[in-house]
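# Close look at the chain arrangement
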Amino acid sequence: MNIKKSEQLFEQAKKFIPGGVNSPVRAFKSVGGNPVFMARGNGSKMYDVDGNEYIDYIGSWGPHLFGHNPSFIIDALKHAIDNGTSFGAPTEIEVKMAQLITELVPSIEMVRMVNSGTEATMSAIRAARGYTGKEKIIKFEGCYHGHGDFFLIKAGSGALTFGVPTSPGVTKGNAADTLVADFNNIESVKKIIEQNKNEIAAVIIEPVVGNMGTVAPQNNFLTELRNVCSEEKIVLIFDEVMTGFRLSKGGAQELYGVKPDLSTFGKIIGGGLPVGAYGGKKEIMEMVSPSGPVYQAGTLSGNPLAMNAGFAALAYIKNHPEVYQTLEENSVYLENGFKDGIKSLGKKFQLNRVGSMMTLFFAEETVTDYNSAVKSDTKLYGKYFHEMLNRGIYFPPAQFEALFVSTVHTKEDLDKTISANYEALKAVL
Ligand code: KE4
């Protein structure tokens, strides 16, 4: 496959941008090779600067539930842009957007728009700390909530209950306030709460994890987490930046019937433009400035372009609930095709799927948490990724990510992907 222009651009990019990219995962570091630079997207396809066509399964890491350039979003943007890009003043579309989010997600009584998922999760934690007057938080190993300092923490050694920074620049002070539990292990949560009685402001979780690869909550885990947070007066935050409006119109919380105190959103709610949001119980959200003392602000928060694109996406969901049926049909078809291929090659690789989020783990045992996920053969995944890329299938360039099926992946796309999977597995095994 000719990727000459991508190679030239990458050399150029590395002179001016750290690692040549504006977000690390795009650099192909964990799969090796030269990232391909995209020129355009349309429907289920992306086209790189050398003219190669790909069936796209990252969908910009989640936003493109309806594929690239859905007409109803583009039309909304075209209309909005003629009236200006940003005013730094309140607008009607922000009111409509907030109202629509509260309509689609019953646990959201009030919501604040920001500009990324990271801003949303950082602000939700601050609101929870301001509301409870407590300082410590619990996150889960393998869950990612954006690059806020207090999230870049991994579990300390066995003896330690608090975490250790995963990145230089994150202070010990931050790490000391972040405690790390194990996903799908309610006892690990209860133990940390016991060791930090009345000091924990919030628990934040990806209700369905996408960031260690796709991992579903097992038997009542989310309900047990809800119960223990209620008993201990801890704010339960569902980070639905990836799952929100993807797994159902009401996100993972609707799918699993568990009501968090706060939720965070991103990706789909921006219709492909930079948007994040956090919201939930009125009594917590009223703590946020200017109605309350918890400060949070943003120059472009709620800007008209992102609001019009996001509103068009959410309004489409509201008026076409059948999209989730289409997503499920497409995703089941892909899952079954992949499982047939893996089985016919006599392998036991693990395929985890929840709705239109899916991950093929190069691991022989079930993947239910971080420790089982990291047993995957990431080198093999890297080889597989390139075999798929060379066959025109753009998968996540990292084992510990979710792929995303859209409403516009056609049966032809899915069949091509299924046969490419079989050929790619044969080539690397
Ligand atoms: P952003 O700040 O990247 O908009 O959102 C951070 C975030 C928060 N919470 C969850 C559950 C997320 O998945 C994310 C971002 N997801 C990654 C994909 N694993 C974005 C891709 C990237 O970092 O380039």
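Computed from a predicted structure; not experimentally measured.

## With respect to the packing of aromatic side chains
Within this structure, the stated rule accounts for 20 aromatic pairs. Their ring planes at 75 degrees and their centres at 5.1 Å tell us that Phe66 and Phe72 sit as a pair that is edge-to-face. Of the residues examined, Phe72 reaches a relative accessible area of 23% and is grouped as partly exposed. Aromatic pair Phe72 and Tyr316: ring centres 4.0 Å apart, planes at 10 degrees, arrangement stacked. Here Phe72 is found in helix H2 (residues 71–81), whereas its partner Tyr316 is found in helix H10 (residues 304–319), with 244 residues between them in sequence. Grouping aromatic residues by their ring pairs yields a cluster made of Tyr57, Phe338, Phe349, Phe362, Tyr381, Tyr384 and Phe395. Positioned over the ring face of Tyr47 is Arg40, at 3.9 Å from the centre of the ring.

## Regarding the domain arrangement of the protein
Domain annotation of the protein identifies domain 1 (4–69 + 323–428) and domain 2 (71–319). Distance between the C-alpha centres of domain 1 and domain 2: 25 Å. A buried area of about 2400 Å², summed over both sides, lies between domain 1 and domain 2, and 67% of it is on carbon and sulfur atoms. Of all residues in domain 1, Tyr324, Val354 and Met357 give up the largest surface area on contact with domain 2, accounting jointly for 26% of the area buried on that side. Between domain 1 and domain 2 we count 0 salt bridges in total. In this structure, the connection of domain 1 to domain 2 is made through 12 residue pairs in polar contact (both at pLDDT 80 or more). When contributions to the side of domain 1 that touches domain 2 are tallied by element, the ones reaching two or more residues are helix H11 (323–344), strand S13 (350–354), strand S14 (357–361) and helix H12 (370–373). Residues that form the side of domain 1 that touches domain 2 fall into these classes: 18 nonpolar, 9 polar and 3 charged.

## Focus: the pairing of S13
Summarising burial for S13: 4 of the 5 residues are buried, a large majority. The pairing of S13 with S14 spans 5 bridges and is classified as antiparallel. Counted as the bridge partner of Gln350 is Phe361 from S14. Linkage of S13 to S14, two consecutive antiparallel strands, is achieved through a turn of 2 residues, within which Gly355 is found at a positive phi near 60 degrees.

## Here's the deal with the pattern of salt bridges
In the structure shown here, the tally under the stated rule is 18 salt bridges. Across the pair Asp261 and Arg226 runs a salt bridge whose closest N-O atoms are separated by 3.0 Å. Taken together, the residues Asp261 in the loop between helix H8 (251–256) and strand S11 (262–265) and Arg226 in helix H7 (residues 221–231) connect sequence positions 35 residues apart. Across the salt bridge formed by Lys426 and Glu423, the nearest N and O atoms sit 4.0 Å from each other. Placement of both Lys426 and Glu423 in helix H14 (residues 411–428) is noted, with a separation of 3 residues, approximately one turn of the helix. Given a relative accessible area of 33%, Glu423 falls into the partly exposed group. The network of salt bridges with shared partners includes Glu328, Glu335, Lys339 and Arg353.

About the criteria used
- Residues numbered from 1 in each chain as written.
- Predicted model: local features only at pLDDT ≥ 70, side-chain atom pairs only at ≥ 80, totals over all residues.
- Heavy atoms only, no water.
- Phe/Tyr/Trp six-rings, centres within 6.5 Å; stacked < 30°, edge-to-face > 60°.
- Buried < 20%, exposed > 50% of the residue type's maximum accessible area, 1.4 Å probe, protein only.
- Helix = DSSP H or I, 4+ residues; strand = E, 2+ residues; numbered from the N terminus.
- Lys NZ or Arg CZ within 6 Å of the ring centre and 35° of its normal.
- Domains from an automatic or database assignment.
- Buried area = accessible area lost by both parts, 1.4 Å probe.
- Salt bridge = Lys/Arg side-chain N within 4 Å of Asp/Glu carboxyl O.
- Polar contact = N/O pair within 3.5 Å; in protein donor to acceptor, adjacent residues only side chain to side chain.
- Nonpolar A, V, L, I, M, F, W, Y, C, P; charged D, E, K, R; others polar.
- Pairing = 2+ DSSP bridges.

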